[in-house]
Amino acid sequence: MSARPLIMGVLNVTPDSFSDGGHYLAPEDAIARGRALVEAGADIVDVGGESTRPGAEIVGVAEEIARVRPALEALSAAGITTSIDTMNAETARVALAAGTLYVNDVSGGQADPELLRVVAASETAILIAGHWRGRLDAGDSLAHYADPVSEVVEELSRIVAAARAAGIPDDRIILDPGLGFSKTGAHNWAILRGLDRLTALGFPLLIGASRKRFLGEMLPADAEVAERDLPTAVLTALIADSGIWGVRVHEPRASARALDVWEHLRS
Ligand code: PMM
């Protein structure tokens, strides 16, 4: 039987993330939001200082570090498990020094290969490696697959090989299929239907579906982004049986309640 998946709460310290950008730029607001995510059921707070959405400004590493460091330090000092959402080795290094456990790189170490060596050198850090084909552009030009699940499995295997070559042991690697990263809604659904083949790789699996466009496409055109939290939570419960390790969500309370229902049903 599958263990209850962990909940990773999203804290974007950015002016421009698509669903929560601009709310937590002031350090005290970011820290308060991180604490609120834990109170709402998050096991881990994932702090990001650079938006990955198409067309987002690529911020300098110094600016990214300035955005995330106060929250990482304060939350880690409060005993909260944190994760840094970054593609930059230097940001990962600073985050680990601030007490962060997880280095969540949506590019799986491809944007800045030095990041893999930073994780390897820390001896305790855990890499969360996403499936990624390059920076997103508005046209999703890399979102072409003959067989999405097989190709994601194959490309994640190459990421694992690179992580191992950099010196990261298998028990410090978590994989993520990177829903929405060079993937259309149809590709995301195909991957969600094929999670068994991803867990068969033998690594813990994190799924980040929260508030993504493919969930919004099921809602009325004028629905607010926060209305995607209900479909997100339903999906959390529906995929909990696939043996996933965790879900990355913007509103932990909804997914925590969904997992409570899932636990009752299966016990
Ligand atoms: N998606 C986003 C950012 N970081 N990290 C992981 N591991 N998996 C994801 O799917 C993922 C991520 C983009 O969403 P956001 O802008 O709402 O944070």
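What counts and what doesn't
- Numbers given to residues run from 1 along each chain, matching the order in which its sequence is written.
- It should be noted that, the model being predicted, local features are given only for residues of pLDDT at least 70 and side-chain atom pairs only at 80 or more, the latter also being counted only at that level, while totals for whole chains, interfaces and linings use all residues.
- Side-chain metrics rest on all non-hydrogen atoms present in the structure, leaving aside hydrogens and water.
- Put simply, DSSP marks the helices as runs of H or I at least four residues long and the strands as runs of E at least two long, and each gets a number from the N terminus on.
- Only residues whose relative accessible area exceeds 30% and that take part in no salt bridge are eligible for patches, with like-charged residues grouped when within 9 Å of each other and nonpolar side chains (Val, Leu, Ile, Met, Phe, Trp, Tyr) grouped when within 5 Å.
- Each accessible area value is a Shrake-Rupley result obtained with a 1.4 Å probe; residue values ignore everything except the protein chains displayed when judging cover.
- One speaks of a salt bridge when a side-chain nitrogen belonging to Lys or Arg is within 4 Å of a carboxyl oxygen belonging to Asp or Glu.
- Note on pairing: DSSP must find at least two bridges between two strands before they are called paired.
- Contact definition: two residues touch when any of their heavy atoms are within 4.5 Å.
- Only the stretch in contact is used when a helix axis is fitted, and all axes are lines through C-alpha atoms; the angle between N-to-C directions ranges over 0 to 180 degrees.
- Exposure is judged per residue with a 1.4 Å probe applied to protein chains only, and the accessible area is read against the type maximum: over 50% gives exposed, under 20% gives buried, and values in between give partly exposed.
- Only heavy atoms are used to decide nearness, and a residue is near a molecule or strand if one of them lies within 4 Å of it.
- Whenever a nitrogen or oxygen atom comes within 3.5 Å of another N or O atom, the pair is scored as a polar contact, on the condition that within protein one atom can donate a hydrogen and the other can accept it, and that pairs from neighbouring residues in sequence are kept only if both atoms are in side chains.
- Gly counts as polar in this scheme, as do all residues outside two lists: the nonpolar Ala, Val, Leu, Ile, Met, Phe, Trp, Tyr, Cys and Pro, and the charged Asp, Glu, Lys and Arg.
- Working definition: roughly parallel below 35 degrees, roughly antiparallel above 145 degrees, roughly perpendicular at 65 to 115 degrees, and oblique for all remaining angles.
- Definitions for this section: a left-handed crossing has its near helix turned counterclockwise from the far helix by less than a right angle. A right-handed crossing has that turn clockwise.
- What is meant by a nonpolar core is a set of buried Ala, Val, Leu, Ile, Met, Phe, Trp, Tyr and Cys residues, joined one to another through side-chain atoms within 4.5 Å.

**Considerations on unusual backbone geometry**
Most of the time, phi is negative for any residue but glycine, and the peptide bond is trans.
Alright, step 1. Even without glycine at this site, Glu-123 takes up a positive phi of about 75°.
Alright, step 2. By the element assignment, Glu-123 lies in the loop between α4 (114–122) and β5 (126–130).
Alright, step 3. Even without glycine at this site, Arg-211 takes up a positive phi of about 60°.
Alright, step 4. Secondary-structure assignment places Arg-211 in the loop between β7 (206–207) and α8 (213–216).

**Details of a nonpolar patch on the surface**
Alright, step 1. A surface patch of nonpolar side chains, about 320 Å² in accessible area, is lined by Leu-230, Val-234 and Leu-238.
Alright, step 2. Residue placement: Leu-238 occurs in helix α9 (residues 229–239).

**Some remarks on the sheet that holds strand β2 (residues 44–48)**
Pairing between sheet strands relies on hydrogen bonds along the backbone, with the strands arranged either parallel or antiparallel.
Alright, step 1. Here we have eight strands laid out as an open sheet, ordered β6-β5-β4-β3-β2-β1-β8-β7, and parallel in their pairing. The sheet is open, and its two edges are formed by β6 (173–176) and β7, each paired on a single side.
Alright, step 2. Pairing geometry for β7 and strand β8 (residues 246–249), over two bridges, is parallel. Bridge pairing links Leu-206 to Gly-246 in β8.
Alright, step 3. Running over the sheet, helix α10 (residues 252–266) touches β1 (6–12) and β8 and is turned about 170° from β1.

**Focus on the environment of Leu-136**
Alright, step 1. For Leu-136, the position within the fold is in the loop between β5 and α5 (148–165).
Alright, step 2. Taking C-alpha positions, Leu-136 is 7.5 Å from Thr-52, a pair spaced 84 residues apart along the chain.

**Some details on the pairing of β8**
Alright, step 1. By the alternation rule, side chains of β8 split into Gly-246 and Arg-248 and Val-247 and Val-249, which are all buried.
Alright, step 2. The pairing of β1 with β8 spans four bridges and is classified as parallel. The partner of Leu-6 across the bridge, within β8, is Gly-246.

**Comments concerning the site of the ligand**
Alright, step 1. In the vicinity of the ligand there are 13 residues, among which Asp-85, Asn-104, Asp-176, Lys-212 and His-250 approach most closely.
Alright, step 2. One of the side-chain N or O atoms of Arg-248 is found 2.9 Å from an oxygen atom in the ligand.
Alright, step 3. In this structure, an oxygen atom belonging to the ligand sits 2.7 Å away from a side-chain N or O atom of His-250.
Alright, step 4. Burial of the ligand by the protein amounts to 96% of the accessible area it has alone, namely 410 Å².
Alright, step 5. For the shell around the ligand, the per-class residue count stands at four nonpolar, five polar and four charged.

**Some thoughts on the packing of helix α1 (residues 27–39) against helix α2 (residues 61–77)**
Alright, step 1. For the pair α1 and α2, interaxial distance at closest approach is 9 Å and the crossing angle is 45°. For the element pair α1 / α2, the angle class is oblique. Every pair of crossing elements has a handedness; the one defined by α1 and α2 is right-handed. Within the contact between the two elements, α1 uses Pro-27, Ala-30, Ile-31, Gly-34 and Arg-35 and α2 uses Pro-70, Ala-71, Ala-74 and Leu-75.
Alright, step 2. Residue composition of the contact of α1 with α2, grouped by class: seven nonpolar, one polar and one charged.

**Description of the nonpolar core**
Alright, step 1. Counting 61 residues, the largest nonpolar core has Leu-11, Val-47 and Ile-207 as its most contacted members.
Alright, step 2. In terms of residue count, the dominant contributor to this core is α5 (seven residues).
Alright, step 3. Those residues in contact with Leu-11 that sit more than four places away from it in its chain are Tyr-24, Ala-30, Arg-33, Gly-34, Leu-37, Val-45, Asp-46, Val-47, Gly-48, Ala-71 and Leu-75.
Alright, step 4. Judged by nonpolar contacts, the second largest core, of eight residues, contains Ile-44, Ile-126, Ile-128 and Trp-245.

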